[in-house]
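Spelled out, the chains give:
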Amino acid sequence: MAALLNPTSRRLATAACRRISTPSAAAPLVSRRISYERYSSSLVDVSGGFSEMLDATQRYYVLGGKGGVGKISMAASLAVKFTSHGERTLIVSTDTTRSLGASFEQDWDMRDGKVVRVNGFDSLFATEINHVKIVSESFINSLLGKMGLANANSVAMSKLIETFNRAPPGVEDVYALSELINSIELQETDKFRRIVLDAPSTGHTLKLLSANDWIEKLLFLAIKGVNAASSNPAFKLSPEKAQVISSEFEELRQKIARVRELLFDPRATEFIIVTIPTMMAVGESSRFHSSLNKDGVHTRRLVVNQVQPPSASDCRFCAAKRREQARAFSAIREDSELGGLKLVQAPLLDVEVKGVPALRFLSDSVWK
């Protein structure tokens, strides 16, 4: 890279790099706490304070936004904050990369939706939605079993899987989310006071929760798949079997309707948008909030992550980033969608936020 720069550009790049301190990989987190303190003094807007969240009747907190803005860290820090106030809390992730365990630096076995306790906390628990696919063997076997065709499922299953693969994006998220929330509401009513949900597929999920026609589409696909397998005489689609399929999907419709009612109830659920201070991210967050409003979703707060702290001495790069950040905050204040939201600012830290000590610090820095 240096060979590609002319002498003047090389001198500027070298000078800029000298002004950017790079943390030592071997330095423990606690030794850097002093450098963190300057981040948390004036960054958090009190209007988005945590005390009203603690007193609120809401039980579910859904954090959504574009990819790469730090939703999992913000969700984890909020869950840590609740549990530090004695609130028995469950944090849920729908991220297939298993980033929740990486965020806490803990190795969990969460197969089949298992709930585990987070080490270092008495009242913080975690689970990951394993994307219970609606085209999975369990779902299709259940459907075939209720039709009395459990022994003729080799051809039928392949046909059903083939047709279900045409389902709209996000169906798996909605199905898994409905399974989880119905389990919490029906079986563990008093177990958790707060449930914090990191939802990377919030857009698809909300669209499907707010629409009713996709279940009819799935029903159509199911019947089409069964008809495609009807060359097997044992699998002939009779009116009785068609009614079984319709009943199965009606049960799914009612289950998702209960989840929709819960998530769209401002007394029970609050959606929190997470973004970063760039013009592109702010524009996308504005469109996301507009979509939430149209769907009737209750949104009160906007978390702006990776906010650079003030500094007496600046390199050119840092100064340019702060100018971009200032434009982004100005756009938020003037935006018709975002301007009315309560603003919570989260600092840009000089180390990766991983592990319990880091999440405790982030929790105290952001949620005040």
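Scoring rules and cut-offs
Residues numbered from 1 in each chain as written. Predicted model: local features only at pLDDT ≥ 70, side-chain atom pairs only at ≥ 80, totals over all residues. Heavy atoms only, no water. Helix = DSSP H or I, 4+ residues; strand = E, 2+ residues; numbered from the N terminus. Buried < 20%, exposed > 50% of the residue type's maximum accessible area, 1.4 Å probe, protein only. Lys, Arg positive; Asp, Glu negative; His and termini not counted. Salt bridge = Lys/Arg side-chain N within 4 Å of Asp/Glu carboxyl O. Polar contact = N/O pair within 3.5 Å; in protein donor to acceptor, adjacent residues only side chain to side chain. pLDDT = per-residue confidence, 0-100. Contact = heavy atoms within 4.5 Å. Core = buried A, V, L, I, M, F, W, Y, C linked by side-chain atoms within 4.5 Å. Pairing = 2+ DSSP bridges.

*Asks:* Before we move on, can you summarise the side chain of K71 with the specific residues and values?
*Replies:* Counting through the fold element by element, K71 comes out in helix α4 (residues 71–84). It is D198 that comes nearest to the buried, bridge-free K71 among opposite-charge side chains, at 5.1 Å. A distance of 3.4 Å separates the side chain of K71 from the backbone oxygen of G65, its partner in a polar contact. Within the local environment of K71, its side chain forms a polar contact with the backbone oxygen of K66, the two atoms lying 3.1 Å apart.

*Asks:* Could you give an account of the pattern of salt bridges, with specific residues and numbers?
*Replies:* Going through the model one piece at a time under the given rule, you end up with eight salt bridges. Between R194 and E87 there is a salt bridge whose closest N-O contact spans 2.7 Å. Residue R194 is found in strand β5 (residues 194–198), and its partner E87 is found in the loop between α4 and β2 (89–93); the two are separated by 107 residues along the sequence. E87 gets classed as buried once you look at its relative accessible area, which sits at 16%. Note that D265 and R267 form a salt bridge whose closest N and O atoms lie 3.1 Å from each other. Linked by salt bridges that have partners in common, E52, E270, R301 and K342 make up one network.

*Asks:* Please give an account of the confidence of the model for the protein that cites residues and values.
*Replies:* The share of residues in the protein with pLDDT of 70 or more is 67%, and the mean pLDDT across the chain is 76. Within the protein, helix α2 (residues 33–37) has the poorest average pLDDT of any element, 38, and α4 the best, 95. Note on residues 1–47: pLDDT is under 50 here. Beyond four places in sequence and across chains, it has 48 contacts.

*Asks:* So what's going on with the nonpolar core? Residues and values would help.
*Replies:* Counting residues in hydrophobic clusters, the biggest one holds 41 residues, and the most contacted among them are L78 and F104. Mapped by element, the contributors of at least two residues to this core are β1 (60–64), α4, α5 (99–104), β4 (124–128), β6 (269–275), β8 (342–347) and α14 (356–366). At eight residues, the largest contribution of residues to this core is made by α4. Residue contacts for L78: discarding those within four places in its chain leaves F50, M53, Y61, L63, V196, I272 and W367.

*Asks:* Explain the pairing of β1 to me, using residue names and the numbers behind them.
*Replies:* The two faces of a sheet get side chains in turn, since along a regular strand they alternate between them. In terms of burial, β1 is a largely internal element, five of the five residues being buried. Burial along β1 is two-sided: Y60, V62 and G64 facing one way and Y61 and L63 facing the other are all buried. Sheet topology places β1 next to β5; four bridges connect them, and they run parallel. Opposite L63, over in β5, you have D198 as the bridge partner. Both β1 and β6 contribute to a ladder of five bridges, which runs parallel. The residue of β6 that forms the bridge with Y60 is T269.

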